[in-house]
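Each chain, written out:
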Amino acid sequence: MPGRLRASLSNAWGLVAHSLSGRLLLLTLFYVLVTEAVLFGPAVGRFHNDQLENHIKSAEIAVLPLTEAAGERLSSSLREQLLMRADASAVALRRPEMKELYLVTQMPRRIDQVIDLRDDNVFKQMYYGFDCLLFGGARMLRVIAPTTIKGAQSIEIFLGEHQLRHDLVYFAERTALLDLLLSSVTAVLVFLSLYLVMVQPMRRLTRAMVTFRENPEDASRVVAASARRDEIGTAERELGDLQRELYGFLQQRGRLAALGLAVAKIQHDLRNILSSAQLASDRLASSEDPVVKRLAPRLITAIDHAVALATNTLRYGRAEEHPPERRRVALKPLVDDAFAAAVSEHESEPPALVDAVPSDLQVDADPEQLYRILLNLIRNAGEAVKGRSGGEISVVAMRNGALVSINIADNGPGIPQKVRERLFQPFAGTARPGGSGLGLVISRDLARAHGGDITLVSTGATGSVFRVEVPDKKRAAGAR
């Protein structure tokens, strides 16, 4: 039985000491007790001082009749009765020319402590009070105080400390018990208030976070914010928004994963179908039939779009990019090759290339990945000026220390505002029919793998400018 009790107490203490509400209760109780302890000292000192002053007043009342001329005519028995009310062994009045002594019983043989109330303050009161409480009891006191008796400078009383200490101990015990009771009640009230206002809502938030973490794809686990306007209400609303955003991201990720799986499953069949279609389109292109000649370019373009869409979707969904294999490579040949591959030779008015890339400029990059970046951006620029008279694509590159900047500009109609807002989001950042919305996303991922980035510098009615930044390997590693 004692073992069970000890285990129960240990569990209870662990719950109190390791929970937020339990710590709050202990801290509240501790601080209230400290406050009561600070107030307890002055209370003891004041009570002790009041007791001494009561003795002084009783002594003044007792000896006051004896100080008058009529006091000499009082009988000895009446004088003794008056002095007995002084509640002291002896009383002395100090006058300028003499000292009058009034014996109640007999003059004490020794004085253990002198207490001077003429220069009184709270610290002296506390000192005398605790000295009496801890060490007093059988001592003889000499108490000096100012007096209101006419012609006297001060009054002195000689009294034993036994009754004084008895009253002080009784007062201290009652005060300590009352302070303990008030501390406990105050601590419980403060704890309950803080528990209801702060701890309980925080526990609800904690439970909501733990519950949501167990299954973040369950929309029913999103915390429901209350109507509170304080910091906890703000935390509830922000947590709810965060959980809803995370839930949406997970749903999107699940859909993308399902899309990637579906594309992977049909990859083999799709390649066979597209291969057959490409063979057929090649034979149709050599036909002399005018109707076939007119429709064959559209068919070839549609097949090319299908191949590009399947390839880009599969590559993005499987995230199969290898880390950049960086080396020093000349930039100008890569720009020329990318332009030649991006601009179709079958266009009636192909855009002109303004090549402002220095022939000696070298980039520290993976040649194949940098080529793909340039190909995507130049192809987009070509699509922007397609069918426009005087279409132009300019490529300007320069080195600034360890950073190479490449600006690719066109004089097309610019990018619409709606597309601009989601320019680098997968399946969303395209304004042309047949586009997959993955070209810029893949290009930016490749640039960031080099420690650089792709940004839209400007866009408008006069065209758009994209910037590719590729830092040297040493700088890119330091930046990471």
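Details of the structure are given in the entry above.
As the structure is a computational prediction, the values presented were derived from the model and not from experiment.

Student: It is not clear to me how the overall build of the protein should be interpreted in this structure. Could you clarify?
Tutor: When helices and strands are tallied, the protein shows twelve helices and twelve strands. For the protein, with 480 residues in total, the buried portion stands at 35%. Within the protein, counting contacts between residues at least 6 apart in sequence, those at least 24 apart form 67% of the total. As presented, the protein carries roughly 29100 Å² of accessible surface, and 58% of it is formed by carbon and sulfur atoms.

Student: Sorry if this is basic, but what is going on with the packing of aromatic side chains here?
Tutor: We describe a pair of aromatic rings using the distance from one ring centre to the other and the angle between the two ring planes. Under the criterion given, the structure shown has four aromatic pairs. Seen from their ring centres, Phe47 and Phe171 are 4.2 Å apart, and the 0 degrees between their planes marks the pair as stacked. Highlighted residues: Phe47 in helix α2 (residues 20–63) and Phe171 in helix α5 (residues 162–214), separated in sequence by 124 residues. You'll find Phe47 and Phe171 in the same group, each marked buried.

Student: I tried to follow the environment of Ala409 on my own but got confused; where do I start?
Tutor: Locating Ala409 in the fold gives a position in strand β10 (residues 403–410). Classification of Ala409 by relative accessible area gives buried; the value is 15%. Separated by 31 residues in the primary sequence, Ala409 and Ile378 place their C-alpha atoms 8.6 Å from one another. Beyond its immediate stretch of four places on either side in the chain, Ala409 contacts Glu392, Ile393, Ser394, Ser464 and Val465.

Student: In this structure, what is going on with the packing of helix α9 (residues 367–384) against helix α11 (residues 439–449)? I would like to understand it.
Tutor: Relative orientation and spacing of two packed helices are given, respectively, by the angle between their axes and the distance between those axes. Their axes nearest at 9 Å, the elements α9 and α11 cross at an angle of 145 degrees. In the packing of α9 onto α11, the handedness of the crossing is left-handed. Here α9 contributes Gln369, Arg372, Ile373, Asn376, Leu377 and Asn380 to the contact with α11, which in turn contributes Gly439, Leu440, Ile442, Ser443, Leu446 and Ala447. When its residues are assigned to classes, the contact of α9 with α11 shows six nonpolar, five polar and one charged.

Student: Hey, could you run me through the packing of helix α4 (residues 122–135) against α5 in this one?
Tutor: At their nearest, the axes of α4 and α5 sit 9 Å apart, and the two run at 100 degrees to each other. Classed by the angle they form, the pair α4 and α5 counts as roughly perpendicular. For the pair formed by α4 and α5, the contact residues are Gly129, Cys132 and Leu133 on the first element and Arg165, Leu168, Val169 and Ala172 on the second. Among the residues making up the contact of α4 with α5, the classes are represented as five nonpolar, one polar and one charged.

Student: What should I look at first to understand the pattern of salt bridges in this one?
Tutor: Where charged atoms from two side chains of opposite charge approach closely, those side chains can pair. Applying the stated criterion across every chain yields a total of 19 salt bridges. Taking the shortest distance from any N to any O, the salt bridge between Arg372 and Glu368 comes out at 3.6 Å. With Arg372 and Glu368 both in helix α9 and four residues apart, this pair spans about one turn of that helix. Overall, Arg372 belongs to the buried group, its relative accessible area being 12%. A relative accessible area of 39% means that Glu368 is categorised as partly exposed. Asp472 serves as the salt-bridge partner of Arg399, at 3.1 Å between the closest nitrogen and oxygen. A residue pair is termed long-range when its members are at least 10 positions apart, and Arg399 in strand β9 (residues 392–400) and Asp472 in the loop between β12 (463–471) and α12 (473–479) qualify at 73 residues.

Student: Is there a simple way to think about the nonpolar core in this case?
Tutor: Nonpolar side chains in soluble globular proteins generally cluster together in the buried interior. Grouped together as the largest cluster of nonpolar side chains are 37 residues, with contacts concentrated most on Leu331, Leu374, Leu377, Ile406 and Ile408. Looking at this core, the elements that each hand over two or more residues are α8 (331–342), β8 (362–365), α9, β9, β10, α11 and β12. The element contributing the most residues to this core is α9, with seven residues. When near neighbours in sequence (up to four residues on either side) are disregarded, Ile408 contacts Leu374, Leu377, Ile378, Ile393, Ser394, Val395, Ser464, Val465 and Phe466. Formed by 21 residues, the second largest nonpolar core is a distinct cluster that contains Leu93, Leu117, Leu141 and Ala152.

Student: Would you mind showing me how to read the sheet that holds β12 here?
Tutor: Pairing between the strands of a sheet comes from backbone hydrogen bonds, and it takes one of two forms, parallel or antiparallel. Strand order in the open sheet formed by five strands is β7-β9-β10-β12-β11, and the pairing between neighbours is mixed. This sheet does not close on itself; its edge strands, each paired only once, are β7 (352–356) and β11 (453–460). Each strand axis lies, on average, 15 degrees off the axis of its neighbour in the sheet, ignoring direction. Across the face of the sheet, α8 comes into contact with β7, β9 and β10 while running at roughly 170 degrees to β7. Here α9 sits on the sheet in contact with β9, β10, β11 and β12, set at roughly 20 degrees to β10.

Student: Explanation requested: α8 in the structure shown.
Tutor: Each α-helix turn comprises 3.6 residues. Residues three or four places apart therefore point the same way. End to end, α8 covers 16 Å across twelve residues, agreeing with the expected 16 Å (1.5 Å per residue, within 8%). Taken together, the buried positions of α8 are occupied by Leu331, Leu334, Val335, Ala338, Phe339 and Ala342. Seen end-on, α8 carries its buried residues on one side only, within an arc spanning 130 degrees. Tucked into the core, α8 has its buried residues touching β6 (327–330), β7, β8, α9, β9 and β10.

Student: What should I look at first to understand a nonpolar patch on the surface in this one?
Tutor: Where nonpolar side chains cluster on the molecular surface, the patch consists of Leu27, Phe30, Tyr31, Val34 and Val38 and spans about 500 Å² of accessible area. You can see Tyr31 is positioned in helix α2.

Student: What exactly am I supposed to notice about the pairing of β10 here?
Tutor: Both faces of the sheet carry side chains from a regular strand, because those side chains alternate between them. Summarising burial for β10: seven of the eight residues are buried, a large majority. Following β9, the chain reverses through two residues before pairing antiparallel with β10; Gly401 in that reversal takes a positive phi of roughly 70 degrees. Relative to β12, β10 is paired through eight bridges, and the arrangement is antiparallel. Among the inter-strand pairings, Val404 is bridged to a residue of β12, identified as Val470.

Student: Even after reading the chapter, I still don't get the environment of Gly460, so can you show me in this structure?
Tutor: With respect to the helices and strands, the residue Gly460 is situated in strand β11. Counting along the chain gives 46 residues from Gly460 to Gly414, while the straight-line C-alpha distance between them is 4.5 Å. Sequence-distant contacts of Gly460, defined by excluding residues within four places in its chain, comprise Gly412, Pro413 and Gly414.

Parameters and conventions
- Residues numbered from 1 in each chain as written.
- Predicted model: local features only at pLDDT ≥ 70, side-chain atom pairs only at ≥ 80, totals over all residues.
- Heavy atoms only, no water.
- Helix = DSSP H or I, 4+ residues; strand = E, 2+ residues; numbered from the N terminus.
- Buried < 20%, exposed > 50% of the residue type's maximum accessible area, 1.4 Å probe, protein only.
- Contact = heavy atoms within 4.5 Å.
- Areas by Shrake-Rupley, 256 points an atom, 1.4 Å probe, with all protein chains shown as cover.
- Phe/Tyr/Trp six-rings, centres within 6.5 Å; stacked < 30°, edge-to-face > 60°.
- Axes fitted to C-alpha atoms, helices over the stretch in contact; angles between N-to-C directions.
- Left-handed = near helix turned anticlockwise from the far one by under 90°.
- Nonpolar A, V, L, I, M, F, W, Y, C, P; charged D, E, K, R; others polar.
- Parallel < 35°, antiparallel > 145°, perpendicular 65-115°, else oblique.
- Salt bridge = Lys/Arg side-chain N within 4 Å of Asp/Glu carboxyl O.
- Core = buried A, V, L, I, M, F, W, Y, C linked by side-chain atoms within 4.5 Å.
- Pairing = 2+ DSSP bridges.
- Expected span 1.5 Å × (residues − 1).
- Arc of directions from axis to C-beta.
- Patch = residues over 30% accessible without salt bridge, like charges linked within 9 Å, V, L, I, M, F, W, Y side chains within 5 Å.

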